[in-house]
Amino acid sequence: MVTTGPAHLVRDFLGSAQIFTSAINDLLEQQLHVVTGKKLTFSQLKLLKMVSLTEGYTISNVAAFLGVSNAAASRAVDRLVRRDLIRRTEAEADRRAVRLSLTEAGHHLLASYDAASDRALQALFERFSSDQLRTAADLLDNISLGIVDRDNGQGEVCFRCGIHFRERCLLRQTARHDCHFHLHKKQGPKETRTGAPPNGEAG
């Protein structure tokens, strides 16, 4: 017997969302391979994007934003430093701390990837109207915020909005909560930053 109740529809929706996410990730990885010749992984690209959004912050900020240990964040940064994509400098107030920024090569790589992915995404979504895309985006945002509110864990959640195409932070602007990254940033170093996130938003 075919099930047509709400539970079945929810499972169908989640299955469609998973397929969509997988297909988009594959498309974006293809664009990354075109730009870098398979010399950069998608995880490394995310790290570059994070540093570009939060220039001047430390490895602790990277670890908090990506949800990994300081040691794992440090190893990931080291690999990109060796490739001259990220620059590490000692913080003036504490020489044991380091501050991160993109090199010229890092900025160039991100710009090339963004241009390639924008072309691919534009070709993919051009057959859908603005209203269709906004309706779908609003639906996904509302579901995501509902999960956060249900779990009552808004202070421990970060959607990595800046990595996933948007500069505005969904939790801060829609739910009026601070995400984990912004809470961590408030408690971080008080030194003058060498760069500022676009529009003041990094998550």
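Residues numbered from 1 in each chain as written. Predicted model: local features only at pLDDT ≥ 70, side-chain atom pairs only at ≥ 80, totals over all residues. Heavy atoms only, no water.

Enquirer: Hey, could you go over the pattern of salt bridges for me, with residue numbers and the actual values?
Expert: In this structure the tally under the stated criterion is three salt bridges. Across the salt bridge formed by D78 and R88, the nearest N and O atoms sit 2.2 Å from each other. Of this pair, D78 sits in helix α4 (residues 70-82) while R88 sits in strand β1 (residues 86-90), and the two are 10 residues apart along the sequence. Notably, a salt bridge pairs R134 with D138, separated by 3.2 Å at the nearest N-O pair. Here R134 and its partner D138 are both found in helix α6 (residues 130-151), four residues apart, which amounts to about one turn of the helix. Taking relative accessible area as the criterion, R134 reaches 45% and is therefore assigned partly exposed. (Salt bridge = Lys/Arg side-chain N within 4 Å of Asp/Glu carboxyl O. Helix = DSSP H or I, 4+ residues; strand = E, 2+ residues; numbered from the N terminus. Buried < 20%, exposed > 50% of the residue type's maximum accessible area, 1.4 Å probe, protein only.)

Enquirer: Give a description of the packing of helix α1 (residues 6-36) against helix α5 (residues 104-125) that names residues and reports values.
Expert: Two numbers describe how α1 lies on α5: the axes approach to 9 Å, and their chain directions differ by 135°. Of the possible angle classes, the one that applies to α1 and α5 is oblique. For the element pair α1 and α5, the recorded crossing hand is right-handed. Where α1 abuts α5, its residues F20, I24, L27, L28, Q31, L32, V35 and T36 lie against L109, S112, Y113, A116, S117, A120, L121, L124 and F125. Within the contact of α1 with α5, the residues separate by chemical class into 13 nonpolar, four polar and no charged. (Axes fitted to C-alpha atoms, helices over the stretch in contact; angles between N-to-C directions. Parallel < 35°, antiparallel > 145°, perpendicular 65-115°, else oblique. Left-handed = near helix turned anticlockwise from the far one by under 90°. Contact = heavy atoms within 4.5 Å. Nonpolar A, V, L, I, M, F, W, Y, C, P; charged D, E, K, R; others polar.)

Enquirer: So, the packing of aromatic side chains: which residues are in play, and what are the values?
Expert: Going through the model one piece at a time under the given rule, you end up with one aromatic pair. With centroids separated by 6.3 Å and ring planes inclined at 55°, the aromatic side chains of F125 and F128 adopt a geometry described as tilted. Assessed through its relative accessible area of 25%, F125 is described here as partly exposed. By relative accessible area, which is 32% here, F128 ends up partly exposed. (Phe/Tyr/Trp six-rings, centres within 6.5 Å; stacked < 30°, edge-to-face > 60°.)

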